[in-house]
Amino acid sequence: MAGSSVSVDLTQAMVTAPVAAADWLIVAPSLITMLGGSLCLMLRKNTQLQPKLGIVFLVLLVLSSAGLLVHVLNHGVITMAMGGWLPPFGIAFTVDPLGATLTLVGSIVALCAGIYGVVTVDGTGRRYGFYPFLLLLMTGVCGAFLTGDVFNLYVWFEVLLISSYGMLILGNDRIQLDGAVKYGVLNLVGTNLFLIATGLLYGIFGTLNMADIAMKVSELGNPASGTIATVAALYFLAFAMKAAAFPVNFWLPASYHTPNIVISAVFAGLLTKVGVYALIRIFVLILPESLDYMADVIGLVAILTLLTGALGALAQSELRRLLGYLVIAGIGSMLAGVAIGSNLAISGAIFYAVHSIIVMTALYMAAGVMFYMGGSYDLRRLGGLYQRSAGFAGLFLVLAFAVSGLPPFSGFWPKVMLVEAAFGDGRAWLGAAILVSGFLTTLAMGRVWIYAFWRGGPEGTPDGTGVAVSGGGAAQLGGAAPWLPMFVLTALIVYFGLQPEWMMNLSIEGAGGVLEPRGYLQSVFGEQG
């Protein structure tokens, strides 16, 4: 009737209360980087302005991420429903300590890369989009860490992958294009598997909200177990490709050495860790039963990844390829934590992810300095760097100890947690693999130290005779831009090694949030969760 009115209760379908001001921190990282990336793209021809503008937005990203972590620690898991539609109908951003921690660490690494790029990225690299790509890459990374929806996770993966393709071919060298093809083909396969698994998951549950699936999965009976197993296997293969786990890890050492060293540093620090994060979300939070019957498979893959990475590093003479294999070895340690699945093991995997993000970024940056000092990435052509800079030699030694898992640096504690969890769970073979990989990594890094720093000069130089290096790059390293990021990252490595309690407690809290997700469910659905 024309004059009648119908009262509709929107509270059952839509958010009617205003969003708290602090809750806007949930979407701030993605909004800041999207805005910054767009602005840098529009002004990309102004190569002098690019670094300043990019660094300003990266600083804002770090501040917003730090504020978000503080907000989560003070108030518990927080959720924002996009478009005002309540979950599971609306796409939700749900932030717990795990997502907030990785967002902050990733933001710090991105800021360090932006500062390092002031010197290492030339005018051509700036004009063709280094800073826009870096910011938009962080849009995808932060979105993946903060989303509470599986399809949204796929979308953010696509955002970061598209940006990474642009960064990988920045410079247009033949070797970069070759590396980009290998990188792109494997990631394309992984992405399709991800999408197929997500379609099957939606067919089973009728929703892609992570909290909603976690609530429904326990209600399914045995008839659905075969389908769930198929979905879990597809997800594992997809994320194993993205994380560079054995046997689908050959793309990483074939591509990470091809771009500008600062781009390699960002990739090594962040991209593979997003794959591990997704594995934790899928197998620990929403499909925990799948982890029970896939644990042995994941454990076997973890062992082979650990050994492949460490042995591959020992076999390399090209520094960037060597570091690429160390990235792979680190992924093996994180997969070991996922395979064990206990609170201590997942906590160790989270702590190790934080450590690996920081130390691998710093190591690639250090490799860039070694190239500028010595004129080559080939260990046979390096030498005498200790004589060039004793301080830098000491910094590199700290990084070498840290990546090997030796005390008193950040890599020691997560390895202790993982080994203890492995032996405590009756998986001594997994703990032994972590220890063997650490020993082999120590040998590989010791070899780098002896070749590049300790001996007097490149291969063929008389023992004890220093030589003048003709690389000519040291002059390009003036100012604080290349040194400040390495010092900041190394300081974090030392701090987490000497004072591990804060990061350890944060990792334990992050693991508890996915193993016992009551707080996560209540944040999304209220008390009914």
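Residues numbered from 1 in each chain as written. Predicted model: local features only at pLDDT ≥ 70, side-chain atom pairs only at ≥ 80, totals over all residues. Heavy atoms only, no water.

**Details of the pairing of strand β1 (residues 78–81)**
What counts, and what does not: Exposure is judged per residue with a 1.4 Å probe applied to protein chains only, and the accessible area is read against the type maximum: over 50% gives exposed, under 20% gives buried, and values in between give partly exposed. Secondary structure elements are taken from DSSP: a helix is a run of H or I of four residues or more, a strand is a run of E of two residues or more, and numbering for both begins at the N terminus. Only strands that DSSP links by at least two bridges are regarded as paired with each other.
The side-chain alternation of β1 yields two buried faces, one formed by Ile78 and Met80 and the other by Thr79 and Ala81. Bridging between β1 and strand β2 (residues 92–95) involves four bridges; their strand directions are antiparallel. For Ala81, the partnering residue across the bridge sits in β2 and is Ala92.

**Some details on the packing of helix α6 (residues 150–168) against helix α7 (residues 174–205)**
Formally: Note on geometry: axes are lines fitted to C-alpha atoms, helical ones only across the stretch in contact, with angles between N-to-C directions running from 0 to 180 degrees. Just so you know how the angles are binned, under 35 degrees is roughly parallel, over 145 roughly antiparallel, 65 to 115 roughly perpendicular, and the rest oblique. Here, two residues are considered to be in contact whenever any of their heavy atoms come within 4.5 Å of each other. Any residue that is not Ala, Val, Leu, Ile, Met, Phe, Trp, Tyr, Cys, Pro, Asp, Glu, Lys or Arg is counted as polar, Gly included; the first ten are nonpolar and the last four charged.
Their axes nearest at 11 Å, the elements α6 and α7 cross at an angle of 175 degrees. Considering the angle they form, α6 stands roughly antiparallel to α7. Between α6, through Val150, Phe151, Leu153, Tyr154, Phe157, Glu158, Leu161, Ser164, Tyr165 and Leu168, and α7, the contact on the second element is made entirely by Gln176, Gly179, Ala180, Tyr183, Gly184, Asn187, Leu188, Thr191, Phe194, Leu195, Thr198 and Leu201. Its residues assigned to classes, the contact of α6 with α7 shows 14 nonpolar, seven polar and one charged.

**As for helix α14 (residues 343–374)**
The line we're drawing: Here a helix's expected span is defined as the number of its residues, less one, multiplied by 1.5 Å.
With 32 residues, α14 extends 45 Å between its outermost C-alpha atoms, agreeing within 8% with the 46 Å of an ideal straight helix rising 1.5 Å per residue. Burial analysis of α14 places 29 of its 32 residues in the buried class, which makes it a mostly covered element.

**Side note on the confidence of the model for the protein**
Which entries qualify depends on this criterion: The quantity known as pLDDT measures the predictor's confidence residue by residue, on a range of 0 to 100.
For the protein, per-residue confidence averages 88 on the pLDDT scale, and 91% of positions sit at 70 or higher. Counted against residues more than four places away or in other chains, residues 466–475, with its pLDDT under 50, gives 17 contacts.

**Brief notes about the pattern of salt bridges**
Put simply, the rule reads: A pair is scored as a salt bridge if a Lys or Arg side-chain nitrogen falls within 4 Å of a carboxyl oxygen belonging to Asp or Glu.
Under the defined criterion, the tally for this structure stands at seven salt bridges. For the salt bridge of Lys216 with Asp212, the shortest nitrogen-to-oxygen distance reads 3.5 Å. Separated by four residues within a single helix, Lys216 and Asp212 lie in helix α8 (residues 210–217), roughly one turn from each other. Taken together, the shared-partner salt bridges in this structure form one network comprising Asp296, Asp425 and Arg427.

**So, the packing of aromatic side chains**
Which entries qualify depends on this criterion: In summary, the pairing rule links any two rings of Phe, Tyr or Trp, Trp by its six-membered ring, whose centres are within 6.5 Å, and it sorts them by plane angle into stacked for under 30 degrees, edge-to-face for over 60 and tilted for everything else. In this analysis the charged atom, NZ for Lys or CZ for Arg, is taken to sit over a ring once it is within 6 Å of the ring centre and within 35 degrees of the ring normal.
A full pass over the atoms with the stated rule returns 28 aromatic pairs. Geometrically, the ring pair formed by Trp251 and Tyr256 is edge-to-face, given 5.8 Å between the ring centres and 75 degrees between the ring planes. The two residues Trp251 and Tyr256 agree in class, both being buried. Between Phe371 and Tyr377, the aromatic rings sit 4.6 Å apart at their centres with planes inclined by 15 degrees, giving stacked as the arrangement. For Phe371, a relative accessible area of 29% translates into the label partly exposed. Each residue in the set Tyr386, Phe392, Phe396, Trp449, Phe453, Trp454, Trp483 and Phe487 is aromatic and connected to the rest through ring pairs, giving one cluster. Over the ring of Tyr451 we find Arg447, and its NZ or CZ is 5.3 Å from the ring centre.

**Observations regarding the nonpolar core**
This is how it is decided: In this text, buried Ala, Val, Leu, Ile, Met, Phe, Trp, Tyr and Cys residues form a nonpolar core when linked through side-chain atoms within 4.5 Å.
Core analysis: the largest hydrophobic core is formed by 187 residues, its most contacted members being Leu201, Ile286, Met360, Met370, Phe392 and Phe396. Look past the residues within four positions of Phe396 in its chain and what remains in contact with it is Leu363, Ala366, Met370, Met445, Val448, Trp449 and Phe453.

**Quick look at a nonpolar patch on the surface**
The condition is simple: Patches here are clusters of residues that have more than 30% relative accessible area and form no salt bridge, with a 9 Å joining cutoff for like charges and a 5 Å cutoff for nonpolar side chains (Val, Leu, Ile, Met, Phe, Trp, Tyr). Each accessible area is a Shrake-Rupley estimate made with a 1.4 Å probe; only the visible protein chains count as cover when residues are assessed.
Side chains of Val56, Val59, Leu60 and Leu63 sit close together on the surface and give an oily, nonpolar patch of about 330 Å² of accessible area. Relative to the helices and strands, Val59 is located in helix α2 (residues 49–75). The exposure class assigned to Val59 is partly exposed, which follows from its relative accessible area of 34%.

**Considering the side chain of Arg427**
Going by this rule: Identification of polar contacts relies on pairs of N or O atoms within 3.5 Å, with a donor-acceptor requirement for protein atoms, meaning one able to donate a hydrogen and the other able to accept it, and with residues adjacent in sequence counted only if both atoms are side-chain atoms.
Note on placement: Arg427 falls in the loop between α17 (412–424) and α18 (428–454). Within the structure, Arg427 has its side chain in polar contact with the side chain of Asp296 (distance 3.2 Å). Excluding its chain neighbours within four sequence positions, the residues that come into contact with Arg427 are Ala295, Asp296, Ala339, Ile340 and Ala422.

**Things to note about the environment of Val159**
Mapped onto the secondary structure, Val159 falls in helix α6. Each C-alpha atom, one on Val159 and one on Leu188, is 13 Å from the other, the two residues being 29 residues apart in sequence. With near-sequence residues (within four places) excluded, Val159 lies in contact with Leu136, Thr139 and Gly140.

**Regarding the packing of helix α11 (residues 261–286) against α14**
Relative orientation of the contacting elements α11 and α14 amounts to 170 degrees, with a least axis distance of 7 Å. Between α11 and α14, the crossing angle belongs to the class labelled roughly antiparallel. Touching Ile261, Ser264, Ala265, Ala268, Gly269, Leu270, Lys273 and Val284 of α11 are Ile346, Ser356, Ile357, Met360, Thr361, Tyr364, Met365, Ala367 and Gly368, all from α14. The residue makeup of the contact of α11 with α14, split by class, is eleven nonpolar, five polar and one charged.

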